[in-house]
Amino acid sequence: MRAAGTLSEHLGHDGVHADAAYQRKDYGVAHKLAAPAADAGDARAQYRLGVLLRDGLGAEKNLTSAANWFARASAQKHLAAMTDLAVMYQAGEGVERDTRRAATLLTESAELGDAVAQFKLGEAYQHGRGVTKSVIHARYWYERADAHQASAEQKATPSEGGTVGFKSLPDA
């Protein structure tokens, strides 16, 4: 007789199944599966639960709880959670507005390679939100985001080259 998997293995599978349910737009099931895995410390499930709560999918919309789940996943370096939490700090949604904290999160996520964070950090520098306004820094982060986007598109359609170009900035 074979022993059942450990609780953490089971909950890890719940996180995977929660993602699958989310992709099928079965948000109630996604919430039901993500919650125990998130409680057990699964960063992917914590992020998924944050998205569901932020957007009011499968549960009542709760921005404060969403921010808390994003923060827990961020502590484990989940890049999308860090970026989404930063956006919440920029807007003051579910958390007290703190553009400096947002810029810190965006910087960390951007440096770890998240293209969305790189783009949003470019915006922060372009407009001076939580950082000193700098066209040079804005251009740097826009170009990094653009390179990630172009790389992803080239992998998807290798016969088509070129870049998307997130933003156009004046020359420094």
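For the structure, check the block above.
Quick summary incoming for the structure in this document.

In this section: the nonpolar core. Across soluble globular proteins, you tend to see nonpolar side chains buried next to one another. The biggest cluster of nonpolar side chains holds 41 residues, and the ones touching the most others in it are Phe70 and Leu121. Mapped by element, the contributors of at least two residues to this core are helix 1 (7–23), helix 2 (27–39), helix 3 (43–55), helix 4 (63–74), helix 5 (79–91), helix 6 (99–111), helix 7 (115–127) and helix 8 (135–156). Of the residues forming this core, the biggest block, seven residues, is contributed by helix 3. The residues contacting phenylalanine 70, other than those within four sequence positions of it, are Tyr47, Gly50, Val51, Arg54, Ala81, Asp84, Leu85 and Met88.

Looking now at the side chain of aspartate 84. Inspection of the secondary structure assignment puts aspartate 84 in helix 5. For aspartate 84, a relative accessible area of 17% translates into the label buried. A polar atom in the side chain of aspartate 84 sits 3.1 Å from the side chain of tyrosine 47. In this view, aspartate 84 contacts Tyr47, Val51, Arg54 and Phe70; residues no more than four positions away in its chain are not counted.

Further remarks concern the packing of aromatic side chains. Using the criterion set out here, one finds four aromatic pairs in the structure. Between phenylalanine 119 and tyrosine 142, the ring centres sit 5.5 Å apart and the planes meet at 50°, which makes this aromatic pair tilted. In this pair, phenylalanine 119 sits in helix 7 while tyrosine 142 sits in helix 8, placing the two residues 23 residues apart along the sequence. It is arginine 48 that lies over the ring of tyrosine 22; its NZ or CZ is 3.9 Å from the centre.

Following both chains from N to C, one finds helix 3 and helix 5 inclined at 30°, their axes separated by 10 Å at the closest point. Handedness of the crossing formed by helix 3 with helix 5: left-handed. The segment helix 3 lies against helix 5, with Tyr47, Val51 and Arg54 engaging Ala80, Ala81 and Asp84. Partitioned by chemical class, the residues of the contact of helix 3 with helix 5 number four nonpolar, no polar and two charged.

Calculation criteria
- Positions within a chain are numbered from 1, following the residues in the order the chain's sequence is written.
- Local features in this predicted model are restricted to residues of pLDDT 70 or higher, and side-chain atom pairs are both shown and tallied only at a pLDDT of 80 or more, whereas totals for entire chains, interfaces and linings draw on every residue.
- The side-chain values count all of the structure's non-hydrogen atoms but skip hydrogen atoms and water molecules.
- The criterion is simple. A nonpolar core is a set of buried Ala, Val, Leu, Ile, Met, Phe, Trp, Tyr and Cys residues joined through side-chain atoms within 4.5 Å.
- Note on classification: 1.4 Å probe, protein chains only; a residue is buried when its accessible area is under 20% of the maximum for its type, exposed when over 50%, partly exposed between these limits.
- By definition, any uninterrupted DSSP run of H or I lasting at least four residues is a helix, any uninterrupted run of E lasting at least two residues is a strand, and each is numbered from the N terminus.
- In this description, contact between two residues means that some pair of their heavy atoms is separated by no more than 4.5 Å.
- Polar contacts, as used here, are pairs of N or O atoms within 3.5 Å; protein pairs need one atom able to donate a hydrogen and one able to accept it. Residues neighboring in sequence count only if both atoms are side-chain atoms.
- Aromatic contacts are taken between Phe, Tyr and Trp rings whose centres are within 6.5 Å, Trp giving its six-membered ring; a plane angle under 30 degrees counts as stacked, one over 60 as edge-to-face, and the others as tilted.
- We call a charge positioned above a ring when the Lys NZ or Arg CZ atom is no farther than 6 Å from the ring centre and deviates by at most 35 degrees from the ring normal.
- The axes used here are C-alpha line fits, helices contributing only the stretch in contact, and every angle between their N-to-C directions lies in the interval 0 to 180 degrees.
- Crossing chirality is assigned from the near helix's rotation relative to the far helix, an anticlockwise turn below a right angle marking it left-handed and a clockwise turn marking it right-handed.
- Side-chain classes are defined by residue name, with Ala, Val, Leu, Ile, Met, Phe, Trp, Tyr, Cys and Pro counting as nonpolar, Asp, Glu, Lys and Arg as charged, and the others, Gly among them, as polar.

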